[in-house]
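An overview of the molecular structure
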Amino acid sequence: MDFGGRSANLRAADALLDAALASHDAILQKTMSSVIAAYYDVQTSGANRQARELNERLARQIMEITHKRAERGMAARSDLLQVQTSLSKAELEHARAIGQHEKALVTLSVSLGLRGQGARLQVPIDSPDSAIEAGQIAQDLVQWMELAGQQHPALLASRAQLASSREKLAATRAEGLPSLDFSHGYYVNGRPNQGSAGTQTRETVSALALNFPLFDGFAHTYKVRNAQAQIDLREAELLEAEGQVISELANAFAENQAAQRNLSSSLRLLESAKMAMEDVQRKYERGLSDIIGILNVQAALADASQERIRALAEWRSARLRLLASAGELGRTRIAEQGK
């Protein structure tokens, strides 16, 4: 009997195990965040590649129309040169987009452990003009904070370490209290390491030992103070972890809200630019618009496509950061969602 010292040590070990599991969750969440971010980069670069390809195709169409206008005497040489310049720029941007997409595929394959074999990956690409539902994770900030407080790996690890330190303090204090030891032995034909007496004997021994700790030069006092200092340190670390999680979560929530609002605006911008392009293209074919007008609208359409792609990328990034800040990517959450 040791007045709770052994049980306190056991609870401290259990708390350390919980802290180790929570730390494992944090590492897993970080790894998953990197993989998901790489996946989103592939989608973004793929959408940009598609948009640049469409822009190049449009530039070729404008080139063909301009050549037909020139054959009818409705376009000057300067018009052809401007259209050729626009086409060359579109080709260059398309080539760069292909390189960025291939680089993103390699990065994703490395994150997945495929040794850079990006050609083996089949990643679906969302079209920039597709309507994306942004309300899938719409929750109140207070709810997100409550969720993070319950399951964020960093907080769980910090709390488990604090619990372990408190149990360690209880075990350390128990070391300075009296202890009661009980022993029992049963011996046949002598005790171990004793010679045989030549006669058959049976011996039963039971004993109780009561130990009273005496003066140890204040060593035990120092151990208790050190254990209390560890608790103070763990409490400060927990407060720091809570502040960091709340700060990151609040920023991620604000970014996600802004990104959701930008989604619908970027889609309307893209649709308006497409309608403007269709209108000016018809006018240009009939000779009702000049080369400057159609090139300006083409540039506006390319900018609108980039804004849409940027809005989608920002929304995906903000959503990922919000989920990670709330601890939704941990081992426990994955296991729950897999059931």
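Structure report, in brief.

This part covers the side chain of Arg 69. Considering the arrangement of structural elements, one finds Arg 69 in helix α1 (residues 5–71). Discounting chain neighbours no more than four positions away, the residues touching Arg 69 are Met 74, Ala 75, Tyr 284, Gly 287 and Ser 289.

The next thing to look at is the pattern of salt bridges. Counting across every chain of the model gives ten salt bridges. Residue Glu 56 pairs with Arg 60 through a salt bridge whose shortest N-O separation is 3.0 Å. Taken together, the residues span about one helical turn, with Glu 56 and Arg 60 both in helix α1 at a distance of four residues. Residues Asp 279 and Arg 282 are paired through a salt bridge, measuring 3.8 Å at the closest nitrogen-oxygen approach. With Asp 279 and Arg 282 both in helix α5 (residues 219–285) and three residues apart, the pair spans about one turn of that helix. Residue Arg 282 is classed as partly exposed on the basis of its relative accessible area of 42%. Residues participating in the shared-partner salt-bridge network are Glu 56, Arg 60 and Glu 91.

With that settled, the discussion passes to helix α2 (residues 77–111). The α-helix winds at 3.6 residues per turn, so residues separated by three or four positions along the chain end up facing the same way. The terminal C-alpha atoms of α2, which comprises 35 residues, lie 51 Å apart, in line with the 51 Å expected from a rise of 1.5 Å per residue. Within two residues after α2, Gly 113 carries a phi angle of roughly 80°, on the positive side.

Within the largest apolar cluster, 19 residues are counted, with the highest numbers of intra-cluster contacts made by Ile 62, Met 277, Ile 291, Ile 294 and Leu 301. Of all the elements in the fold, those that place two or more residues in this core are α1, α2, α5 and α6 (291–325). No other element matches the six residues that α6 contributes to this core. Apart from residues no more than four positions distant in its own chain, Ile 291 is found in contact with Thr 66, Asp 79, Gln 82, Val 83 and Tyr 284. Ranked by size, the runner-up nonpolar core spans eleven residues in total, among them Trp 144, Leu 147, Ala 241 and Val 245.

Basis of the calculations
Residues numbered from 1 in each chain as written. Predicted model: local features only at pLDDT ≥ 70, side-chain atom pairs only at ≥ 80, totals over all residues. Heavy atoms only, no water. Helix = DSSP H or I, 4+ residues; strand = E, 2+ residues; numbered from the N terminus. Contact = heavy atoms within 4.5 Å. Salt bridge = Lys/Arg side-chain N within 4 Å of Asp/Glu carboxyl O. Buried < 20%, exposed > 50% of the residue type's maximum accessible area, 1.4 Å probe, protein only. Expected span 1.5 Å × (residues − 1). Core = buried A, V, L, I, M, F, W, Y, C linked by side-chain atoms within 4.5 Å.

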